[in-house]
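# Close look at the chain arrangement
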Amino acid sequence: MYANPFIFSIQLFRACLRRPFFFTELWKQICIIGADSLPLISTAAAAVGMVLGFQTGSTLARFGAQKYLAAIVGLSMVRELGPVITALLVASRSGSGIAAEIGSMKVTQQIDALRVSAVPPLNYLAVPRTLACVVCLPLLTVIADVIGIIAGGMVSVIMGLSTARWYAKVTGEFIEFVDFFPGLIKAFFFGLIIALVATYFGFNTKRGTQSVGRATTAAVVTASLGILLSDVFLTRVLLLLFE
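Attention in this report is confined to the structure presented alongside it. None of these values were measured; they are calculated from a predicted model. (Residues numbered from 1 in each chain as written. Predicted model: local features only at pLDDT ≥ 70, side-chain atom pairs only at ≥ 80, totals over all residues. Heavy atoms only, no water.)

We now examine the overall build of the chain. When its secondary structure is counted, the chain shows nine helices and zero strands. Overall size of the chain, expressed as C-alpha extent along the three principal axes, is 70 × 35 × 30 Å. The burial tally for the chain puts 45% of its 243 residues in the buried class. Here the contacts in the chain between residues at least 6 apart in sequence split such that 85% fall between residues at least 24 apart. Accessible surface for the chain amounts to roughly 12100 Å². Of this, 71% is attributable to carbon and sulfur atoms. (Helix = DSSP H or I, 4+ residues; strand = E, 2+ residues; numbered from the N terminus. Buried < 20%, exposed > 50% of the residue type's maximum accessible area, 1.4 Å probe, protein only. Contact = heavy atoms within 4.5 Å. Areas by Shrake-Rupley, 256 points an atom, 1.4 Å probe, with all protein chains shown as cover.)

In this section: the nonpolar core. One finds Ile33, Val90, Leu125, Ile194 and Phe203 to be the most contacted residues of the largest nonpolar core, which totals 46 residues. Beyond its immediate stretch of four places on either side in the chain, Val90 contacts Ile33, Ile41, Gly95, Leu137, Leu140 and Ile194. (Core = buried A, V, L, I, M, F, W, Y, C linked by side-chain atoms within 4.5 Å.)

Once that is clear, we can look at the state of the cysteines. Taken as a whole and judged by the stated rule, the model has zero disulfides. Free cysteine Cys136: the closest other cysteine sulfur is in Cys133, separated by 7.3 Å. Owing to a relative accessible area of 4%, Cys136 belongs among the buried residues under this scheme. (Disulfide = S-S within 2.5 Å.)

Structurally, the position occupied by Ala91 is in helix H4 (residues 69-107). For the pair Ala91 and Thr235, spaced 144 residues apart in the sequence, the C-alpha separation amounts to 20 Å. When neighbours within four sequence positions are excluded, Ala91 is seen to be in contact with Ser96, Ile194, Val220, Ala223, Ser224 and Ile227.

Moving on to helix H1 (residues 5-16). The terminal C-alpha atoms of H1, which comprises twelve residues, lie 16 Å apart, in line with the 16 Å expected from a rise of 1.5 Å per residue. Every buried residue of H1 is accounted for by Phe8, Ser9, Leu12, Ala15 and Cys16. The buried residues of H1 occupy an angular sector of 125° when the element is viewed end-on, so they sit on one face. The exposed set on the far side of H1, more than 90 degrees from its buried face, consists of Phe6 and Arg14. Looking at the buried residues of H1, the elements they touch are helix H6 (121-158) and helix H8 (180-203). (Expected span 1.5 Å × (residues − 1). Arc of directions from axis to C-beta.)

Written out as structure tokens, the structure reads:
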């Protein structure tokens, strides 16, 4: 029924606009995908911001241009590193969980039980997870951006490249509100890719316990490649729109 990925995507989009709506399940998935991912996203964003500060700071110091460290760290996090790192981590954490959960239900015939009970499987399983990914990815990206910029500022102060006041001043001068839009648009599409890929492989898990592991692995790999490849296309399009 869901073997063709194109047909599955169309059916999923139609299900998003069709009753019944399971708001309790949607809120549950927002907590799982969004709130529960905060520690992981925050730690990774801080690490990336600090590494970016170390590498960029030492390079700029050679040319006496360390005053631009805040601008480089901020724009790098907001436009590229924030959404991509967040999406890859959510794909590995939540995408694998979605594929494994739905795949296990497929193997144990719980999805068939939903159909017998007149509960549409797509509406109950796929739609809440898709909407949760689309909603949570931009929010997590904003948090990752802020934490990464702050971590870069801490490195800048520790290395003696600038003061906290100067770092904040340069960040405010070079990063405008419109600079957040490309990253948020990317995050929206990344969330959609993660949800589509994870639910597709979950619903197409074959019989047998080993197939759940294979479906989970395939979902993570495919979603990660989809994020990286789509990032190339989205970057080019968004540069034309926002430059």
